Number of protein chains: 2
Amino acid sequence: MWLSVVVLVHVLLLISNSVESQSIIDTLPGFPGKLPFKLETGYIGVGELDEVQLFYYFIESERNPKDDPLVLWLTGGPGCSGLSGLLFEIGPFTFDYANSSGNKPMLELNPYSWTKIANMIFLDAPVGTGFSYATTWEAYNSNDTSSTTQTYEFLRKWLIPHFSSIHSMLPAILILGKPSQSLFKKFQTGFVIGNPLTYEIWDGNERVKFAHRTALISDRLYQSTKRNCQGRYIDPDPNNMQCVEDLRKVNECLDDIYAAQILEPNCAAFSPKPNKLWSLSLHLDDNFIDILHSAPDQVPEPWCRSYNYLYSYVWANDKTVQKALHVREGTKTDWERCNKSLTYTKNVITSIDYHQNLTKKDLRALVYSGDHDMLIPYVGTQQWIETLDLSIKDDWRPWFVEGQIAGYVTIFTEEKYSLTFTTIKGAGHTAPEYKPKECLAMIDRWFAYYFL
Amino acid sequence: MWLSVVVLVHVLLLISNSVESQSIIDTLPGFPGKLPFKLETGYIGVGELDEVQLFYYFIESERNPKDDPLVLWLTGGPGCSGLSGLLFEIGPFTFDYANSSGNKPMLELNPYSWTKIANMIFLDAPVGTGFSYATTWEAYNSNDTSSTTQTYEFLRKWLIPHFSSIHSMLPAILILGKPSQSLFKKFQTGFVIGNPLTYEIWDGNERVKFAHRTALISDRLYQSTKRNCQGRYIDPDPNNMQCVEDLRKVNECLDDIYAAQILEPNCAAFSPKPNKLWSLSLHLDDNFIDILHSAPDQVPEPWCRSYNYLYSYVWANDKTVQKALHVREGTKTDWERCNKSLTYTKNVITSIDYHQNLTKKDLRALVYSGDHDMLIPYVGTQQWIETLDLSIKDDWRPWFVEGQIAGYVTIFTEEKYSLTFTTIKGAGHTAPEYKPKECLAMIDRWFAYYFL
């Protein structure tokens, strides 16, 4: 599996003449002492003239770098920085609440970091995301297909100088967004996606079903909305007054829910509310920037998940932090967790076709869904997986971490292709952020071809 | 409304000659300093010869005892002690984890105690529950109707000496179990029930629907079980092999779920597992006593809700505690949170008829459901409420505590009768144990006839 990519890399080695940068980081502001793992950051130029400079973080596996898999992590969005992975999800850090203040966030180690068992690249892609930038204005324009090409180019170029130190590599692509799913077709190994946006119409429509199942809308309203809108909740016919009225009621029930994890408090209540139900943006929790600007010294109650995001904003925009990370001065005015002003065109409507093609290959897929996420609910993910029409090898059963049910897994196969779908019980949109222990156990077992 | 009960009380005053006990408690072991509220405990004899001695805890409202409502709290089960209310749910205490040890549980104040706004009686009923006892063996036998009569007798007798200090009383009956719901018919004021068992067949059957909605069983298995068992999951036809096989799979998915709050860890895993899905007992979490006996100094990881129950077991069986509470020496060998060996006959199959009769009265009902409870799931409660065929005054809308959605409320009416049904978002079986702030806000608004 792996060799096909390696060959590609060697061929490219001959024609590549771009100048790249890479730095090894020993210490970071906010973290006491030396980093207990190998952190490398750098830029790799992609595009004809290297006009797009993609920033990455590479952390070597803390177990056995030569034998452990290599994972390329794309946070998704599109536009969400790889630093999100490092600070909240599967990376080696979390914020140390006890010792942090609004102006001085402190870092501590995440005991459930995936870097315990894997070599991880966190990439700021597409261009404009995180610390990635372009050298021309035109190059800031990107779309689903061009960004996929650039990410692929990044990976090939990154592998050249690193290949000698990492032998046994299993690149797993982790993404939240639909466009990068098209990247899979270029790989012959395996991939992992979590609460992935795959087909906006379906994923969005299924929010109504999810809201009903989770007691956010009533049986009566659900039945009425289904009947009146005939299942079409995204972009409904504006002349269908009964449907429009039902959707208004649905919105009334869901407006103040924190869609990324329906049981958590919703901080967006502090800011003017967007219409969350039908917006497919994943950036909504970044309203905290408004909070920060209006009340810099005061954290409003109750605790909200987006305070984490606020800390990341403060930390990543600190000049000493950027210097420590070897971010090129003057390339970015503002680091945003999720860049809302990307010049980005969505030209891939759905990645279901890609998934369908992948089922013909010798490939392992892991799809996980935090079952309390209303942004991309598990019911929508189930729906497109069903359309792949795979055989069921192992039907919906609980799996365990420390004697507790962590979620429910179904394994599908089709000749040499296998797809593991699992829920993560109680988790939200970015499942490892909510259930780190369970998600580390999941990925460890999956990497090891072990029974989930 | 209230007067009809008062008259009854005065008549009885003339014929009552029982000797009752009551003590005012100033301090309690495990609580530092004097109690900042008035706590009275005592026994009231009921039955022809006062052969049943019912133990109670009375806490005066910390706001305005003369104007605040009087609430009689029955924990349910049947067989669960009123002390559960005091220590975990709506009472003035919680355990102080930071300063407790396995042998020495410490108490701290619950800022969301309902005693902040109401006079509360917590009753150990039926006979055998908590510190209640009988003076003859025969008197330990009870059933749904006899225990209701005894509870009613308790209340009349208790009111006589207390009436002068409490003027404006709105007795609200709070129960978890089905039998006590028949008590309502004797009252003309209002009542509150939380995740109530009302009709075992329905409440039990709805667990399958609930498990499906909350992603614990798959769409496929749910559809198959529904079809094969024809909706009959409690006591299915043993010759219906397809149904039996489906239910076996359902159980496999649910066996290790903590049914009282599906997202919390399940401590029963430490003990031999009962078949939880179809048992309607609410005592399952008391397996902790086995843990206590097998490993007295060691609290197994992860944290489980039943450690609270373990602390209550240690605390309430401490001789100094029982002395402080003025428990009569030698009347009980063991305090149990929920007495599993009651000599009790369930002779009321369903209380739906009682509810139907109550809709003819000038009465206010509040029914709340923690929406993450699988023991008595909200879908079952909704089902029997629907059969009452009431008019909808206010249809399923969110209500808020501190700007966050606390649950969804529907208000039904029928002439002078009104029934408020609300979910408590994220709460388990004993909702105030999980969402104390939200439940205090709920009851405060409801007592005050305020918009939920």
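Note: the structure precedes this text.
Computed from a predicted model, the values in this text were never measured in an experiment.

Criteria and cut-off values
- Residues numbered from 1 in each chain as written.
- Chains lettered and ligands numbered in written order.
- Predicted model: local features only at pLDDT ≥ 70, side-chain atom pairs only at ≥ 80, totals over all residues.
- Heavy atoms only, no water.
- Helix = DSSP H or I, 4+ residues; strand = E, 2+ residues; numbered from the N terminus.
- Buried < 20%, exposed > 50% of the residue type's maximum accessible area, 1.4 Å probe, protein only.
- Contact = heavy atoms within 4.5 Å.
- Least-squares fit on C-alpha atoms with pLDDT ≥ 70 in both.
- Phe/Tyr/Trp six-rings, centres within 6.5 Å; stacked < 30°, edge-to-face > 60°.
- Lys NZ or Arg CZ within 6 Å of the ring centre and 35° of its normal.
- Disulfide = S-S within 2.5 Å.
- Core = buried A, V, L, I, M, F, W, Y, C linked by side-chain atoms within 4.5 Å.
- Polar contact = N/O pair within 3.5 Å; in protein donor to acceptor, adjacent residues only side chain to side chain.
- 1 Å grid on protein atoms, 1.4 Å probe; cavity = no way out; pocket = protein on both sides within 12 Å on 5 of 7 lines; lining within 4 Å.
- Points joined across faces, edges and corners; volume = space filled by probe spheres on them.
- Nonpolar A, V, L, I, M, F, W, Y, C, P; charged D, E, K, R; others polar.
- Axes fitted to C-alpha atoms, helices over the stretch in contact; angles between N-to-C directions.
- Parallel < 35°, antiparallel > 145°, perpendicular 65-115°, else oblique.
- Left-handed = near helix turned anticlockwise from the far one by under 90°.
- Expected span 1.5 Å × (residues − 1).
- Buried area = accessible area lost by both parts, 1.4 Å probe.
- Salt bridge = Lys/Arg side-chain N within 4 Å of Asp/Glu carboxyl O.
- Pairing = 2+ DSSP bridges.

Q: In this structure, what is going on with the overall build of chain A? I would like to understand it.
A: When helices and strands are tallied, chain A shows 13 helices and 16 strands. Per-residue burial over chain A gives 65% buried out of 452 residues. Once local pairs closer than 6 in sequence are excluded, the contacts in chain A between residues at least 24 apart make up 69%.

Q: Teacher, can you tell me more about the relation of the copies chain B and chain A here?
A: Related by rotation about an axis and a shift along that axis, the two copies of the chain form a pair. When chain B is brought onto chain A, the operation consists of a screw motion whose angular component is 180 degrees and whose axial shift is 0.0 Å, with 0.0 Å RMSD remaining. In the structure described here, the two chain copies are related by an operation that fits a two-fold rotation axis. Considering only C-alpha atoms, the residue of chain B closest to the rotation axis is Arg 213 of chain B, which sits at 2.3 Å. A share of 100% of interface residues in chain B that are also interface residues in chain A marks the association as one of identical surfaces.

Q: I keep staring at the packing of aromatic side chains and nothing clicks. Help me out?
A: Where two aromatic rings form a pair, the distance of their centres and the angle of their planes describe that pair. Inspection of the entire model under this criterion finds 40 aromatic pairs over all chains. A ring pair is formed by Tyr 199 of chain A and Trp 202 of chain A, whose centres lie 5.3 Å apart and whose planes are at 50 degrees; its orientation type is tilted. The class of Trp 202 of chain A is partly exposed, set by a relative accessible area of 24%. Put simply, the rings of Tyr 43, Phe 55, Tyr 57, Phe 131, Tyr 133 and Trp 335 of chain A touch in pairs and so form one group of aromatic residues. Above the plane of the ring of Tyr 43 of chain B lies Arg 328 of chain B, whose end atom (NZ or CZ) is 4.0 Å from the centre. Geometry around Tyr 309 of chain B places Arg 337 of chain B over its ring, the cationic atom sitting 3.7 Å from the centre.

Q: Help me understand helix α11 (residues 378–387) of chain B in this model?
A: For the α-helix, the turn length of 3.6 residues means that residues three or four positions removed from each other point alike. Residues and elements named next belong to chain B. Taken across its 10 residues, α11 has 7 buried, putting it largely inside the fold. Along α11, the residues that are buried comprise Tyr 378, Val 379, Gly 380, Thr 381, Gln 382, Trp 384 and Ile 385. One or two steps after α11, the chain reaches Asp 389, where phi turns positive at roughly 60 degrees.

Q: Any chance you could explain the state of the cysteines here in plain terms?
A: One covalent bond between the sulfur atoms of two cysteine residues makes up a disulfide. Residues and elements named next belong to chain A. In this structure the tally under the stated criterion is 4 disulfides over all chains. Disulfide partner of Cys 229: Cys 243, at an S-S distance of 2.1 Å. Linking Cys 229 and Cys 243, the disulfide has an S-S dihedral of approximately 105 degrees and is accordingly described as right-handed. One end of the pair, Cys 229, is in helix α5 (residues 219–229); the other, Cys 243, is in helix α6 (residues 241–254), with 14 residues separating them in the sequence. Here the two residues Cys 229 and Cys 243 agree in accessibility, since each one is buried.

Q: How should I be thinking about the nonpolar core in this particular structure?
A: Nonpolar side chains in soluble globular proteins tend to end up buried together. Ranked by size, the top nonpolar core spans 239 residues in total, and within it Phe 154 of chain A together with Phe 154 of chain B carry the most contacts. If we ignore the near neighbours within four places in the chain, the residues touching Phe 154 of chain B are Ile 44, Val 46, Leu 54, Tyr 56, Leu 72, Ile 121 and Leu 123 of chain B.

Q: When you look at the environment of Trp 396 of chain B in this model, what are you seeing that I'm missing?
A: Structurally, Trp 396 of chain B can be placed in strand β14 (residues 391–401). Trp 396 of chain B sits in the buried class, given a relative accessible area of 6%. For Trp 396 of chain B and Thr 423 of chain B, which are 27 residues apart along the polypeptide, the C-alpha to C-alpha distance reads 9.6 Å. With near-sequence residues (within four places) excluded, Trp 396 of chain B lies in contact with Ala 215, Leu 216, Ile 217, Ser 218 and Cys 253 of chain A together with Gln 382, Tyr 408, Val 409, Thr 410, Phe 421 and Thr 423 of chain B. A polar side-chain atom of Trp 396 of chain B sits 3.1 Å from the main-chain carbonyl oxygen of Leu 216 of chain A.

Q: How do you make sense of the layout of surface pockets when you look at a structure like this?
A: Here the largest pocket defines a volume of roughly 860 Å³. Every residue lining the largest pocket is counted, 29 residues in all, and those nearest its centre are Lys 435 of chain A together with Gln 261, Leu 263, Glu 264 and Pro 265 of chain B. Breaking the lining of the largest pocket down by element, the ones donating at least two residues are β15 (404–414) and α13 (436–447) of chain A. The element contributing the most residues to the lining of the largest pocket is β15 of chain A, with 3 residues. Each residue belonging to the lining of the largest pocket can be placed in one class, and the counts come to 12 nonpolar, 6 polar and 11 charged.

Q: I keep staring at the packing of helix α4 (residues 200–213) of chain A against helix α11 (residues 378–387) of chain A and nothing clicks. Help me out?
A: A packed helix pair is summarised by two numbers, namely the angle formed by the two axes and the spacing between the axes. All names here are of chain A. Orientation of α4 relative to α11, taken along the N-to-C sense of each, is 125 degrees, at an axis distance of 7 Å. Considering their axes alone, α4 and α11 lie oblique with respect to each other. Seen from above, α4 lies across α11 with right-handed handedness. Contact residues: α4 offers Trp 202, Asp 203, Glu 206, Lys 209, Phe 210 and Arg 213, while α11 offers Tyr 378, Val 379, Gly 380, Thr 381, Gln 383, Trp 384 and Thr 387. Taken together, the residues of the contact of α4 with α11 break down into 5 nonpolar, 4 polar and 4 charged.

Q: Sorry, what's going on with α13 of chain A here?
A: Residue and element names in this part refer to chain A. Counted at 1.5 Å a residue, the expected span for α13 with its 12 residues is 16 Å, and the 16 Å between its end C-alpha atoms agrees. Among the 12 residues that make up α13, 9 are buried, leaving the element largely enclosed by the rest of the structure. Three or more residues of α13 are buried, namely Glu 438, Cys 439, Leu 440, Ala 441, Met 442, Ile 443, Arg 445, Trp 446 and Phe 447. Phi turns positive, to about 55 degrees, at Tyr 449, one or two residues after α13.

Q: Help me understand the interface of chain B and chain A in this model?
A: Facing 35 residues of chain B, the contacting portion of chain A comprises 35 residues. Of the roughly 3,200 Å² buried between chain B and chain A on both sides combined, carbon and sulfur atoms contribute 50%. Taken as a group, Arg 213, Arg 220 and Gln 404 of chain B account for 19% of the area that chain B buries against chain A, more than any other trio of residues on that side. Taken together, the links from chain B to chain A amount to 6 salt bridges. Taken together, the links from chain B to chain A amount to 16 residue pairs in polar contact (both at pLDDT 80 or more). Elements represented by at least two residues in the side of chain B that touches chain A include exactly α4 (200–213), α5 (219–229), α6 (241–254), α11, β14 and β15 (404–414) of chain B. With 5 residues, the top contributor of residues to the side of chain B that touches chain A is β14 of chain B.

Q: What exactly am I supposed to notice about the pairing of β15 of chain B here?
A: Two faces make up the sheet, and in a regular strand the side chains alternate between them. Residue and element names in this part refer to chain B. β15 sits mainly inside the fold: 9 of its 11 residues count as buried. Where β14 meets β15, 8 bridges bridge the pair, whose relative direction is antiparallel. Looking at β15, one finds that Ile 392 is bridged to Phe 412.

Q: For this particular structure, what's the right way to read the pairing of strand β16 (residues 417–424) of chain A?
A: Residues and elements named next belong to chain A. Most of β16 sits inside the fold, with 8 of its 8 residues counted as buried. Sheet analysis places strand β13 (residues 364–370) next to β16, joined by 7 bridges and oriented parallel. Within β16, the residue paired with Val 367 across the bridge is Phe 421. Of the pairings in the sheet, the one linking β15 to β16 comprises 6 bridges and is antiparallel in character. Opposite Ile 411, over in β16, you have Thr 420 as the bridge partner. Taking the residues between adjacent antiparallel strands as the criterion, β15 and β16 are bridged by 2 residues, where Glu 415 takes a positive phi near 50 degrees.

Q: Please explain the environment of Gly 380 of chain B as it appears in this structure.
A: Residues and elements named next belong to chain B. The topology assignment puts Gly 380 in helix α11. The buried category is assigned to Gly 380, whose relative accessible area is 0%. Spatially, the C-alpha atom of Gly 380 lies 9.6 Å from that of Glu 200, the residues being 180 residues apart in sequence. Leaving out residues up to four positions away in the same chain, Gly 380 has contacts with Asp 203 and Glu 206.

Q: What's the story with the pattern of salt bridges in this structure? I'm lost.
A: A side chain of one charge can pair with a side chain of the opposite charge if their charged atoms are brought near each other. If you walk through the whole model with that rule in mind, you get 34 salt bridges over all chains. In this structure, Asp 444 of chain A engages Arg 63 of chain A in a salt bridge whose closest nitrogen and oxygen atoms are separated by 3.7 Å. With a gap of 381 residues between them, Asp 444 of chain A in helix α13 and Arg 63 of chain A in the loop between β3 (52–59) and β4 (70–74) connect regions that are remote in the sequence. Residue Asp 444 of chain A is classed as partly exposed on the basis of its relative accessible area, which comes to 29%. With its nearest N and O atoms 2.7 Å apart, the salt bridge here joins Glu 264 of chain B to Arg 305 of chain B. A residue pair is termed long-range when its members are at least 10 positions apart, and Glu 264 of chain B in the loop between α6 and α7 (288–294) and Arg 305 of chain B in the loop between α7 and α8 (306–316) qualify at 41 residues. Owing to a relative accessible area of 14%, Glu 264 of chain B belongs among the buried residues under this scheme. Accessibility expressed as a relative area gives 10% for Arg 305 of chain B, which makes it buried. Taken together, the salt bridges that share partners define one network made up of Asp 50, Glu 153 and Lys 157 of chain A.

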